[in-house]
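In case you want the letters, here they are:
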Amino acid sequence: MSHEDIRKKFLDFFSARGGAHAVVPSSSLIPSDPSVLLTTAGMQQFKPYYTGEADAMADFSAKNTVSIQKCFRTSDIDEVGDETHLTFFEMMGNFSFGGYWKKEAIQYGYDFITKEMGLDIEYVTVFDPEKVPAGDWRKNGVPFDRESYEIWKNIGMPEEKIVREGIDVFWGPTGNEGPCGPTTEIYLKNANGQAVEIWNIVFNEFYCDKDKKLTRAKTPGVDTGMGLERLAMISQGVKNIFETDLFAPIFDKLNSDLPDKIKRIVADHLRGVVFLVGDGVRPSNKEQGYILRRLMRRVITYAYRENLKNSPEEIMRTIVSEYHGMYSNLDALAIEEVYAQEYAKFIKSVGVGLKELEKLTSVDAASAFRLYESYGLPYEIIKEVAGTKAGRLVREEFDAEFKKHQEISRAGVEKKFGGHGLLLDTGELKAGTPEEVAKVTRLHTATHLLQYALRKVLGNEVKQMGSDITAERARFDLSFPRKLTPEEINAVENEVNAVIASDIPVIMKEMDYDEAMKSGALAFFKAKYPQRVKVYSIAGVSRELCGGPHVEHTGEIGKFKILKEEAISNGVRRIRAAIK
Ligand code: SER
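Residues numbered from 1 in each chain as written. Predicted model: local features only at pLDDT ≥ 70, side-chain atom pairs only at ≥ 80, totals over all residues. Heavy atoms only, no water.

## Considering the side chain of K263
Looking at where K263 falls in the secondary structure, it is placed in helix α8 (residues 260-278). Once you skip the residues sitting within four places of it in the chain, K263 turns out to touch F251, L254, N255, S256 and L258. (Helix = DSSP H or I, 4+ residues; strand = E, 2+ residues; numbered from the N terminus. Contact = heavy atoms within 4.5 Å.)

## A short note on the pairing of strand β15 (residues 532-538)
For β15, the buried fraction is high: five of the seven residues fall into the buried class. Of the strand pairs in this sheet, strand β14 (residues 506-512) and β15 are connected by seven bridges, and their pairing is antiparallel. By the bridge assignment, M508 is partnered in β15 with Y536. Note that β15 and strand β16 (residues 542-545) share four bridges and pair antiparallel. Opposite Y536, over in β16, you have E544 as the bridge partner. (Buried < 20%, exposed > 50% of the residue type's maximum accessible area, 1.4 Å probe, protein only. Pairing = 2+ DSSP bridges.)

## Details of the site of the ligand
Contacts to the ligand come from A41, M43, R73, M91, W171, N200, V202, D223, T224 and G225. Between R73 and the ligand, the recorded distance is 3.0 Å, taken from a side-chain N or O atom to an oxygen atom. Summarising the interface, the protein chains cover 96% of the accessible area of the ligand, which totals 230 Å² for the free molecule. When residues of the shell around the ligand are traced back to their parent elements, those giving at least two are β8 (195-208) and β9 (214-227). Counting residues per element, the shell around the ligand draws most heavily on β9, which supplies three residues. Considered class by class, the residues forming the shell around the ligand number five nonpolar, three polar and two charged. (Near = heavy atom within 4 Å. Polar contact = N/O pair within 3.5 Å; in protein donor to acceptor, adjacent residues only side chain to side chain. Areas by Shrake-Rupley, 256 points an atom, 1.4 Å probe, with all protein chains shown as cover. Nonpolar A, V, L, I, M, F, W, Y, C, P; charged D, E, K, R; others polar.)

## Looking at helix α16 (residues 486-502)
Look at α16: 24 Å from first C-alpha to last across 17 residues, which is about the 24 Å you get at 1.5 Å a residue. Elements that come into contact with the buried residues of α16 comprise α15 (434-458), β15 and β17 (560-569). Within two residues after α16, D503 carries a phi angle of roughly 50°, on the positive side. (Expected span 1.5 Å × (residues − 1).)

## Considering the packing of aromatic side chains
Counted according to the given criterion, the structure contains 38 aromatic pairs. On the basis of an interplanar angle of 80° and a centroid distance of 6.2 Å, the ring pair of Y372 and F398 is categorised as edge-to-face. In this pair, Y372 is assigned in helix α12 (residues 365-375) and F398 in helix α14 (residues 395-416), connecting sequence segments 26 residues apart. Ring-pair connections join several aromatic residues into one group, and the members of that group are F10, F13, F14, Y100, Y108, F112 and W199. Across the ring face of F13, the terminal group of R17 is positioned such that the distance to the ring centre comes to 3.7 Å. Taking NZ or CZ as reference, R164 lies 5.3 Å from the ring centre of Y149, over its face. (Phe/Tyr/Trp six-rings, centres within 6.5 Å; stacked < 30°, edge-to-face > 60°. Lys NZ or Arg CZ within 6 Å of the ring centre and 35° of its normal.)

As structure tokens, this is what we get:
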């Protein structure tokens with residue numbers, strides 16, 4: 001059955017059952033719950049309905065919902081390349097918030113798989129605390145799920161196919177706290193004869209608080225999740241998820257002689273890139289942006305080493321056209337632009353980085369982190385390329401190096417700028433609290449955009465004569481012989497806001513002063529610069545010698561407004577501007 005047919009069948013099946021399920025669109029990969037980085041399950045957008053903070057009847061006119069949710073699991077990144085794991089995938093799920101309970105949920109699962117899909121169930125699992133290791137929080141007060149066991153038995157499942165398991169069949173919570181409970185899973189056989197977990201049916205009987213204490217849920221709820229890719233694999237009788245119609249168009253674009261593992265990683269990561277960028281993530285060194293950056297850089301490294309017959313951009317266009325009908329927010333041009341910027345940034349160093357990596361005789365967390373810091377090589381690439389030389393390298397230690405480094409550089413900034421109240425005073429930037437630093441940082445990047453906009457509107461003779469930035473406003477002095485007209489002020493504001501709206505990354509590179517000058521960077525206080533300088537660039541807009549700090553993306557700045565324009569001396573104008 002094609003993936004389109006599976007989608008439709010699933011939504012139709014549940015729309016007609018349980019007193020109707022409201023069909024709810026997938027939520028963004030960036031969840032509203034700040035305790036999780038990305039959406040990893042269909043239930044996340046429904047968390048408040050389980051806890052009683054929100055009322056499903058009021059919002060959906062139903063106690064049950066059904067969705068096909070975009071999900072991203074970083075926890076599986078090291079598994080990608082095998083036959084069943086993905087970072088990005090789609091999860092089909094039905095949910096009930098005080099509507100139906102175990103009997104119906106299990107019956108629906110059984111009917112959908114056996115009758116609608118015409119597939120045989122290999123075995124199912126149920127929760128048994130006996131299988132949970134001593135001391136684990138899930139052992140406390142969670143009984144054997146006899147109810148599910150009996151329901152399966154009554155449906156006709158032979159007892160030897162109702163397998164008792166421990167922590168693998170207790171789900172949640174996502175983030176620090178939330179609904180959780182025992183689950184029953186459905187396993188099907190794939191074309192290789194292996195049993196594959198297809199569907200996880202969770203009974204949210206408990207609420208788990210921050211200290212891992214369980215209390216009974218006010219409204220017991222059902223939360224189920226079935227991997228679309230895996231179900232397509234079984235239904236289409238293929239040996240792995242990459243042979244399904246979901247991946248076929250992507251694989252057609254990849255050189256057929258590439259090793260399977262690389263093909264799978266490239267296909268998986270490019271889908272991840274498309275969907276993360278589509279939901280507004282931009283590459284950076286933290287949080288979601290860091291995940292995106294690693295996916296992109298891994299693909300760029302393969303593209304660099306393997307001579308792909310189609311560029312990653314071309315493959316991403318294929319992905320967008322395949323998914324556009326389901327996810328109309330995907331914009332191929334915007335995605336390619338983000339990719340191109342990251343490519344431009346990384347491609348210069350990837351070759352050197354790989355050579356440096358080759359020279360090392362063994363790679364530990366510290367040397368791996370140095371390769372990341374100096375050449376941008378992501379952990380996954382280092383681990384893979386170094387092979388046995390990185391035998392002892394583990395992700396946790398690399399992450400610890402990363403964290404250590406972030407703490408050192410944060411402490412460095414505070415030390416440099418005083419620390420005692422005066423957090424930041426560089427002469428032109430003044431801020432006393434971390435909040436003010438954030439505001440000043442945004443205004444600082446805005447002045448680089450102002451510089452660009454003024455030169456664009458008034459001509460390249462405009463020169464910056466000085467600037468002064470506080471959390472409230474930026475002051476910017478420029479050489480210009482006359483008053484600006486209201487039209488010119490408007491045009492300047494519009495130019496700045498257009499760059500903000502394009503959300504372009506702000507990129508910093510250290511280089512020799514001469515090299516910076518040759519690259520066309522603007523510098524207005526020549527005498528002040530040391531031999532090694534930092535150049536901040538915003539692709540297609542600005543390139544300036546500058547000490548920073550700056551935002552990572554222009555989109556972070558907010559709305560830019562010019563408050564006042566006046567003369568301060570002969571031929572020098574002063575602009576005051578603010579951001580909202
Ligand atoms: N929340 C469960 C899972 O992610 C079922 O949807 O597996």
